Amino acid sequence: MNDDNAIERFKRGDPSLFADLVLKYQDRIYNLCRYMLENSHDAEDAAQDTFLKAYQGLGSYSPTASFYTWLYRIAVNTCLDHKRKFSFRSLFFSDERTNLDGFPSWAPSPESTCATTQSMHALQAALNLLSKKLRVVIVLHELEGLSYEEIAEILDISAGTVKSRISRARDELKKILHQHMEQK
Amino acid sequence: MRCSKAGKHLSTYMDGELDAKAAALLESHLAQCDRCSGELAQMRQLQGLFCQTPRFSAPPAFRAEVLEKITGEPSKGFSFFPVFIRFAEAGVFVLAITAGVISGGMLINAVAPHHKGEQVIASLSLESFEALPPDSLGLAYLSMTEEKP
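Residues numbered from 1 in each chain as written. Chains lettered and ligands numbered in written order. Predicted model: local features only at pLDDT ≥ 70, side-chain atom pairs only at ≥ 80, totals over all residues.

**Some details on the overall build of chain A**
In step 1: Counting secondary structure elements, chain A contains nine helices and zero strands.
In step 2: Counting the 184 residues in chain A, one finds 35% classified as buried.
In step 3: Looking at chain A alone, contacts between residues at least 24 apart form 62% of all its contacts between residues at least 6 apart. (Helix = DSSP H or I, 4+ residues; strand = E, 2+ residues; numbered from the N terminus. Buried ≥ 20, exposed ≤ 12 C-beta atoms within 10 Å, placed from the backbone. Contact = placed C-beta atoms within 7 Å.)

Written out as structure tokens, the structure reads:
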């Protein structure tokens, strides 16, 4: 059953179909939140909030856009709100995110070589240093595999702006990673 | 195509989003420019890193927790309980103030039982300063704390 059919049936009084939608998209939404928010606890909170908001908003959802771009939009806004709300932490705790040498506590243990592991951690730390605007586009494009048009729809910006931000994000990441390598 | 223009197109070209004409011009430039070719290679390397990033899965109990939160939402029907609590809070506050006023009055009467209304009125006169007006808490406090001979 495709998403629009499921939503129609949900609106006609079959709330159990929402559980199917959660199952279908939970990994993608959680993955997005994880890369936007850097730790599993915050990511889980944000991902759960995303689905709660989607549930509450399904009554007024109209399929002018695909369901998953609508869901992604909720997830992105939830993550950005989450970051705004909890940014006071940085006033009291040392900002581990700026330390490319430290392994982030949330980073999984890859099964690849040591050099690749270090590159992965450096990339993840470099992502943390990007501004919110650049980070969200590069995460949606590179990690979620979304096209420029899909990202434009999610963020309600033009495709040209998406292109420009992705280009800037890549330039920034290259600079950060290059500086990190030079310091080593 | 110059390097300054080619550099702006590299990202879009790598994603296959550059229109055919611009792509052809860029490819022609890349064939002759080591610098821009090198930049494109670095960009592909960066993209390669992204391909190796781990994909996170939602925790095992995630769906159950979401559904629990949905079904555990408070009912949208009107409930008197919160209104009752608000009135109770206000009532307790008013009672506390009233008790304070009454006990303060009783304390003053107990300590200074002979106060006269005229003394109070006289103490309010603007022509004289009464440091410890009769019927004041300050006088009552001093009366309580002064050592009796």
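That covers the picture; the talk isn't over yet.
**Notes on the overall build of chain B**
In step 1: Check the secondary structure of chain B and you find seven helices and zero strands.
In step 2: Going from the N terminus to the C terminus, chain B shows its helices and strands as α-α-α-α-α-α-α.
In step 3: Put simply, chain B has 149 residues, and 10% of those count as buried.
In step 4: Counting only contacts in chain B whose residues sit at least 6 apart along the sequence, the fraction spanning at least 24 positions is 52%.

**Let's talk about the confidence of the model for chain A**
All names here are of chain A.
In step 1: Here chain A shows a mean pLDDT of 80. Residues at 70 or above account for 82%.
In step 2: Within chain A, the element-level pLDDT minimum falls on helix α5 (residues 89–92), averaging 49, and the maximum on helix α8 (residues 148–155), averaging 94.
In step 3: This stretch, residues 90–113, has a pLDDT under 50; its non-local contacts, to residues over four places away or in other chains, come to 28 contacts. (pLDDT = per-residue confidence, 0-100.)

**Thoughts on the interface of chain A and chain B**
For an interface, size is often stated in terms of accessible area lost upon the parts coming together.
In step 1: Taken together, the contact between chain A and chain B spans 29 residues of the former and 24 residues of the latter.
In step 2: Take the side of chain A that touches chain B: its biggest share by element is eight residues, from helix α2 (residues 17–37) of chain A.
In step 3: When grouped by side-chain class, the residues that make up the side of chain A that touches chain B number 16 nonpolar, six polar and seven charged. (Nonpolar A, V, L, I, M, F, W, Y, C, P; charged D, E, K, R; others polar.)

**Side note on the nonpolar core**
Residue and element names in this part refer to chain A.
In step 1: Counting 55 residues, the largest nonpolar core has Cys33 and Val137 as the members making the most contacts within it.
In step 2: Broken down by element, this core gets its largest block of residues, ten residues, from α2.
In step 3: Ignoring anything within four residues of it in the chain, the contact list for Val137 reads Ile151, Val162, Arg165, Ile166 and Ala169. (Core = buried A, V, L, I, M, F, W, Y, C linked by C-beta atoms within 7 Å.)

**Side note on helix α3 (residues 34–52) of chain B**
In an α-helix, one turn spans 3.6 residues, which is why side chains three or four residues apart end up on the same side.
In step 1: In this model α3 of chain B runs 27 Å from its N-terminal to its C-terminal C-alpha over 19 residues, within 8% of the 27 Å that 1.5 Å per residue would give.
In step 2: Within α3 of chain B, the full set of buried residues consists of Cys36, Leu40, Met43 and Leu46 of chain B. Each buried residue of α3 of chain B sits inside an arc of 115° when the element is viewed along its axis, so together they form one side. Of the exposed residues in α3 of chain B, the ones pointing more than 90 degrees away from its buried face are Asp34, Gly38, Ala41, Arg44, Gln45, Gly48 and Cys51 of chain B.
In step 3: Elements that come into contact with the buried residues of α3 of chain B comprise α9 (159–183) of chain A together with α1 (3–14) and α2 (20–30) of chain B. (Expected span 1.5 Å × (residues − 1). Arc of directions from axis to C-beta.)

**A short note on the environment of Lys163 of chain A**
In step 1: Within the secondary structure layout, Lys163 of chain A lies in helix α9.
In step 2: Other than its neighbours up to four places away in sequence, Lys163 of chain A contacts Tyr148 of chain A together with Thr12 and Glu17 of chain B.

**Some points on the environment of Leu127 of chain A**
All names here are of chain A.
In step 1: Looking at the element boundaries, Leu127 is found in helix α6 (residues 114–129).
In step 2: Sequence separation between Leu127 and Val139 is twelve residues; the distance between their C-alpha atoms is 8.6 Å.
In step 3: Excluding residues that lie within four positions of it along the chain, Leu127 makes contacts with Tyr35 and Arg135.

**Overview of the packing of α9 of chain A against α3 of chain B**
In step 1: Close contact between α9 of chain A and α3 of chain B brings their axes to 11 Å; oriented N to C, the two are set at 90°. One way to sum up the angle between α9 of chain A and α3 of chain B is to call them roughly perpendicular. Touching Arg170, Leu173 and Lys174 of chain A of α9 of chain A are Gln42, Met43 and Leu46 of chain B, all from α3 of chain B.
In step 2: Within the contact of α9 of chain A with α3 of chain B, the residues separate by chemical class into three nonpolar, one polar and two charged. (Axes fitted to C-alpha atoms, helices over the stretch in contact; angles between N-to-C directions. Parallel < 35°, antiparallel > 145°, perpendicular 65-115°, else oblique.)

**Here's the deal with the packing of α8 of chain A against α9 of chain A**
Residues and elements named next belong to chain A.
In step 1: Contact geometry of α8 with α9 gives a least axis separation of 8 Å together with a crossing angle of 105°. As judged from the angle between their axes, α8 and α9 are roughly perpendicular. Two secondary-structure elements touch here, α8 through Tyr148, Glu149, Ile151 and Ala152 and α9 through Ala159, Val162 and Lys163.

**Some points on the confidence of the model for chain B**
All names here are of chain B.
In step 1: Of all residues in chain B, 76% attain a pLDDT of 70 or more, and the chain-wide mean is 80.
In step 2: Mean pLDDT values over the elements of chain B span from 61, in helix α6 (residues 117–123), up to 94, in α2.
In step 3: Interface confidence for the predicted complex, expressed as ipTM, amounts to 0.74; the pTM equals 0.66.

**Focus: unusual backbone geometry**
Residue and element names in this part refer to chain A.
In step 1: We note that Asp156 has phi near 60°; this positive angle belongs to a residue other than glycine.
In step 2: Assignment of secondary structure puts Asp156 in the loop between α8 and α9.
In step 3: Residue Asp156 is classed as exposed on the basis of its 7 C-beta neighbours within 10 Å.

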